[in-house]
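# Coordinate inspection notes
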Number of protein chains: 2
Amino acid sequence: MILTVTLNAALDATWSVDSLRPRTSHRVDTAQERAGGKGINVARVLVALGRDPVATGLVGGATGRRIRDGLRNARIRNAFLEVIGESRRTLAVVSRDDGDATVFNGRGPFVTAPEWHLFRQHFAALAAGARVVVLSGSTPPGLPADAYAQLIRTASAAGAHTVLDTSGPALLQALAARPDVIKPNTEEITAATGCEDLPRAAAALRALGARTVVASAGADGLHAVTPEGTWRAAPPEQLSGNPTGAGDACVAAIAAGLEAGSAWPDILRTAVALSAAAVPCPVAGEVDAAVYHRLLTRVSVEKVPAAPADAGPE
Amino acid sequence: MILTVTLNAALDATWSVDSLRPRTSHRVDTAQERAGGKGINVARVLVALGRDPVATGLVGGATGRRIRDGLRNARIRNAFLEVIGESRRTLAVVSRDDGDATVFNGRGPFVTAPEWHLFRQHFAALAAGARVVVLSGSTPPGLPADAYAQLIRTASAAGAHTVLDTSGPALLQALAARPDVIKPNTEEITAATGCEDLPRAAAALRALGARTVVASAGADGLHAVTPEGTWRAAPPEQLSGNPTGAGDACVAAIAAGLEAGSAWPDILRTAVALSAAAVPCPVAGEVDAAVYHRLLTRVSVEKVPAAPADAGPE
């Protein structure tokens, strides 16, 4: 079983305006609101792949109830815990004139220490039945700085593979718990390491504790540094659209591959094709099955020498 | 009893960002959400004045339930009808760097013909017990163009005073039903008549059917053309703050004055003081009682000759 963790679940809305003009009033067209947060979007992609993931994390308030309704509609098994605070909303304001999105992300509910204590016990029970645990996205206010590290240690002790997709201090704090896989994009990797050279930055993150670093470089594909070797994987063509869901699709492919016991070249091939298949879709968590199957056999996967500096964390 | 009508009730949210930069992502701080829509804000001010208004209109969906919760919290008597569609949200994104607001207004639920038919019956029953009916704001999709005209005719036939605060085609369509009072601001009056001269524009609106036109000119006060004469009323000082609630406070004062049978100079004095008392408050529907009482006796009210063109609608 794959368990996805979304500590800061959200209700995602997209509003259309003719043109965003600061300091004016806009008449907006609102679309359907969806349950969101990166872990929930990973679970959506896993459902599209025919898996049956369990989604956990924290939700609260009226917004939290709508997130839970959204999970039911998406046929995702719901193991979220309800907290007293109100779950956050995110809003993408899309301009019809240029298609560009302006994004607003709420911080999320304040989670109290007793709530976090209860969630850790709940998570331990779920992780005991999981083969892969995916931890994605930001953390809500109130959580300890090492919240992800705590969960990774619990999951690893239970024998689960751990895949972490977060950024900034939450990422750096979690590395000490030695996650099996982290999936930073180029921006996140530069922010975390101060280094723009992907192989060197990946080596630095492995030295801090990550066993495998799968760095995503947008349309250039993936650079993966694993204990078994280093690979580059690239899509055969460029797709235009909305790249926001590509990272979540990539993480879903990694989780599915780890659950199946696949080799890294096969995992990366799937991850590149599935990431590309997310780009034509308007919202995160969706993939275009036809694009996925068309690209899958044409992804290039190439073994490259490890960076000299990379001795890995072992 | 004063009945306020909000056909397109909303859940109003205010989000703070450091600075609004289109095409980027923002971390937002969210404040409490409130039941809104101009009629509900008028009812809030009436409660602050010690009145006990009844609020009606249309709400729907999960957002509608939160609007109803908000009415209960504000101690406003709730006579809204629930429709199948989802009530709209409005969002003000306030930049901390300059205090400016960028506003997004949803269109509202699609209201079906059977729902409107039921609402008209519900409204007729409520209007029969009302001395003043206030009709404020935009109308949701699906309503007939003459929706306000229908309600005004029903209320007038029941013997209630009618006060209309809307704009654009909804305003023009409603004039044929001869509302007792309309309260356009300078922008709305220019948009409706194509005339920037307030006395001439007011005369034009009276010729179309409005019995009294109370034109609000922001910090310059009110210009009122009534069957009993024409008055200008102005505040004794300028207040800085948020003018969005001033119009709703003005309408509340007019409604309270009509209910009490006050003379127009007294109504206008109260309306100017109450509008000004809304400006220091951060959200619409609130008034600063100390400012109101400080200004009330110092408002200037001056009778002016009627515009030569203004023969009124009689």
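Our subject is the structure listed above.
Since the structure is predicted, the reported quantities are computational estimates derived from the model, not experimental observations. (Residues numbered from 1 in each chain as written. Chains lettered and ligands numbered in written order. Predicted model: local features only at pLDDT ≥ 70, side-chain atom pairs only at ≥ 80, totals over all residues.)

### Thoughts on the interface of chain A and chain B
Selection rule: By the convention adopted here, residues are in contact when the distance between their C-beta atoms, placed from the backbone, does not exceed 7 Å. Secondary structure elements follow DSSP: runs of H or I of four or more residues count as helices, runs of E of two or more count as strands, with numbering from the N terminus. In this classification, Asp, Glu, Lys and Arg are treated as charged, Ala, Val, Leu, Ile, Met, Phe, Trp, Tyr, Cys and Pro as nonpolar, and every other residue, Gly included, as polar. Strands qualify as paired when DSSP identifies two bridges or more between them.
Residue-level contacts link 21 residues of chain A with 21 residues of chain B. Ranked by residue count, the leading element in the side of chain A that touches chain B is strand E3 (residues 25–30) of chain A, at 6 residues. In terms of residue class, the side of chain A that touches chain B is built from 8 nonpolar, 7 polar and 6 charged. Of the pairings in the sheet, the one linking E3 of chain A to strand E9 (residues 101–106) of chain B comprises 4 bridges and is parallel in character. Its bridge partner lying in E9 of chain B, histidine 26 of chain A is registered against phenylalanine 104 of chain B.

### Regarding the packing of helix H3 (residues 113–127) of chain A against helix H4 (residues 147–157) of chain A
Helix-helix packing: each pair is described by the crossing angle between the helix axes and the interaxial distance. All names here are of chain A. For clarity, the cut-off: Interaxial angles span 0 to 180 degrees and are taken between N-to-C directions of axes, which are lines fitted to C-alpha atoms, for helices over the stretch in contact. Note on convention: near helix rotated counterclockwise from far helix by under a right angle means a left-handed crossing. Clockwise means right-handed.
Where H3 meets H4, the closest approach of the two axes is 9 Å, and the angle between their N-to-C directions is 30°. In the packing of H3 onto H4, the handedness of the crossing is right-handed. Of the residues in H4, those in contact with Arg120, Phe123, Ala124 and Ala127 of H3 are Gln150, Leu151, Thr154 and Ala155. For the contact of H3 with H4, the class distribution of residues is 5 nonpolar, 2 polar and 1 charged.

### A short note on the environment of alanine 271 of chain A
Residue and element names in this part refer to chain A. For clarity, the threshold we go by: Note on burial: count the other C-beta atoms lying within 10 Å of the residue's C-beta; 20 or more is buried, 12 or fewer is exposed, in between is partly exposed, and C-beta positions come from the backbone.
Position of alanine 271 relative to the elements: it lies in helix H9 (residues 264–278). A count of 29 C-beta atoms within 10 Å places alanine 271 in the buried class. Ignoring sequence-local partners within four residues, the contact set of alanine 271 consists of Leu222, Cys250, Ala253 and Ile254.

### Looking at unusual backbone geometry
Phi is positive for arginine 75 of chain A, close to 60°, though the residue is something other than glycine. Turning to its location among the elements, arginine 75 of chain A is positioned in the loop between helix H2 (61–73) and strand E6 (77–78).

### Things to note about the nonpolar core
Across soluble globular proteins, you tend to see nonpolar side chains buried next to one another. Inclusion rule: Put simply, a nonpolar core is a cluster of buried Ala, Val, Leu, Ile, Met, Phe, Trp, Tyr and Cys residues tied together by C-beta atoms within 7 Å.
Counting 202 residues, the largest nonpolar core has Ile254, Ala255 and Leu274 of chain A together with Ile254, Ala255 and Leu274 of chain B as the members making the most contacts within it. Every residue in contact with alanine 255 of chain A, bar those within four places of it in the chain, is listed here: Ile2, Val42, Leu46, Val132, Val134 and Val163 of chain A.

### Focus: the pairing of strand E8 (residues 88–95) of chain A
Side chains on a regular strand alternate between the two faces of the sheet. Residue and element names in this part refer to chain A. With 7 of 8 residues buried, E8 is to be regarded as a mostly interior element. With 8 bridges connecting them, strand E2 (residues 10–17) and E8 associate as parallel partners. Bridge pairing links alanine 10 to arginine 88 in E8. Remark: 5 residues form the turn of the hairpin made by E8 and strand E9 (residues 101–106), two consecutive strands paired antiparallel; glycine 99 in that turn has positive phi of roughly 75°.

### Digging into the relation of the copies chain A and chain B
Convention followed: Least squares is the method used to superpose the copies, on C-alpha atoms of residues holding a pLDDT of at least 70 in both.
Taken as rigid bodies, chain A and chain B are interconverted by a rotation of 180° and an axial shift of 0.0 Å, the fit giving an RMSD of 0.0 Å. On the angle and the small slide along the axis, the relation comes out as a two-fold axis. Same-surface contact between copies: 100% of interface residues of chain A are shared with the interface of chain B.

### Examining the packing of helix H4 (residues 147–157) of chain B against helix H5 (residues 168–175) of chain B
All names here are of chain B. Short version of the rule: Our angle categories are set so that under 35 degrees counts as roughly parallel, over 145 as roughly antiparallel, 65 to 115 as roughly perpendicular, and the remainder as oblique.
Across the interface, H4 lies against H5 with an axial gap of 7 Å and an inter-helix angle of 40°. Considering the angle they form, H4 stands oblique to H5. Along this stretch, H4 crosses H5, giving a crossing that reads as right-handed. Contacts between H4 and H5 involve Tyr148, Ala149 and Ile152 from the former and Ala170, Gln173 and Ala174 from the latter. Its residues assigned to classes, the contact of H4 with H5 shows 5 nonpolar, 1 polar and no charged.

Geometric values such as these leave the question of function open.
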